[in-house]
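Architecture and fold: a report
In case you want the letters, here they are:
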Amino acid sequence: MDDSPLAAASAAASSPILELRGVSKKFGHVQALLDADFALLHGEIMALVGDNGAGKSTLIKVIAGAHQPDAGEVRIDGHAVHLPNPRARLSRSAERWRRTAAS
Ligand SMILES: Nc1ncnc2c1ncn2[C@@H]1O[C@H](COP(=O)(O)OP(=O)(O)OP(=O)(O)O)[C@@H](O)[C@H]1O
Ligand SMILES: [Mg+2]
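Report on the accompanying structure. (Residues numbered from 1 in each chain as written. Chains lettered and ligands numbered in written order. Predicted model: local features only at pLDDT ≥ 70, side-chain atom pairs only at ≥ 80, totals over all residues.)

1. Looking at the sheet that holds strand β1 (residues 18-27)
Read from one edge of the open sheet, four strands run β2-β1-β3-β4, paired in antiparallel fashion. With partners counted over all chains shown, the strands left at the sheet margins are β2 (30-40) and β4 (79-81), one partner each. Neighbour-to-neighbour, the strand axes of the sheet open up by a mean angle of 35°, direction not taken into account. With three bridges joining them, strand β3 (residues 71-76) and β4 adopt antiparallel strand pairing. What sits directly across from Val74, in β4, is Val81. (Pairing = 2+ DSSP bridges. Helix = DSSP H or I, 4+ residues; strand = E, 2+ residues; numbered from the N terminus. Axes fitted to C-alpha atoms, helices over the stretch in contact; angles between N-to-C directions.)

Below you can see the structure in the form of structure tokens.
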């Protein structure tokens, strides 16, 4: 396997910086998200499109740490994270920006 810095940088660029895997969220009897996957690559701009009530806001709130998923995981830079609240999400983002700025 090529373990050069260039290969490592290329692998990092092609792996998601943010990923949801199999995320489900229910509000009472309403299944807002069911086994939802989402992946965002470095530098990518993603549009989230869907009908009213499709679960767009719920998905963003899971990413933001405002809602806890019933199942599935949120991964940042390949690591599963637990985001108990939006403050935890902000501190994760700040940590990432610090690392990016230092590299
Ligand atoms: N806090 C909540 N309590 C109960 N039900 C909720 C809550 N938030 C969302 N829902 C329900 O979950 C489903 C998905 O809602 P969500 O707001 O994520 O959809 P959306 O795609 O953002 O819709 P819109 O296009 O209208 O903004 C809907 O049926 C909605 O009524
Ligand atoms: Mg919405």
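That shown, we press on.
2. Observations concerning the site of ligand 1
Around ligand 1 lies a shell formed by Phe27, Val30, Ala32, Gly50, Asn52, Gly53, Ala54, Gly55, Lys56, Ser57 and Thr58. Looking at the shell around ligand 1, the elements that each hand over two or more residues are β2 and α2 (56-64). A per-element tally of the shell around ligand 1 places α2 first, with three residues. (Near = placed C-beta within 6 Å.)

3. Topic: unusual backbone geometry
For Asp35, which is not a glycine, the phi torsion comes out positive at approximately 55°. With respect to the secondary-structure elements, Asp35 resides in strand β2. Of note in the backbone geometry, Asp77 takes a positive phi value of approximately 50° without being a glycine. Inspection of the secondary structure assignment puts Asp77 in the loop between β3 and β4. Take Asp77: there are 16 C-beta atoms within 10 Å of it, and that puts it in the partly exposed class. (Buried ≥ 20, exposed ≤ 12 C-beta atoms within 10 Å, placed from the backbone.)

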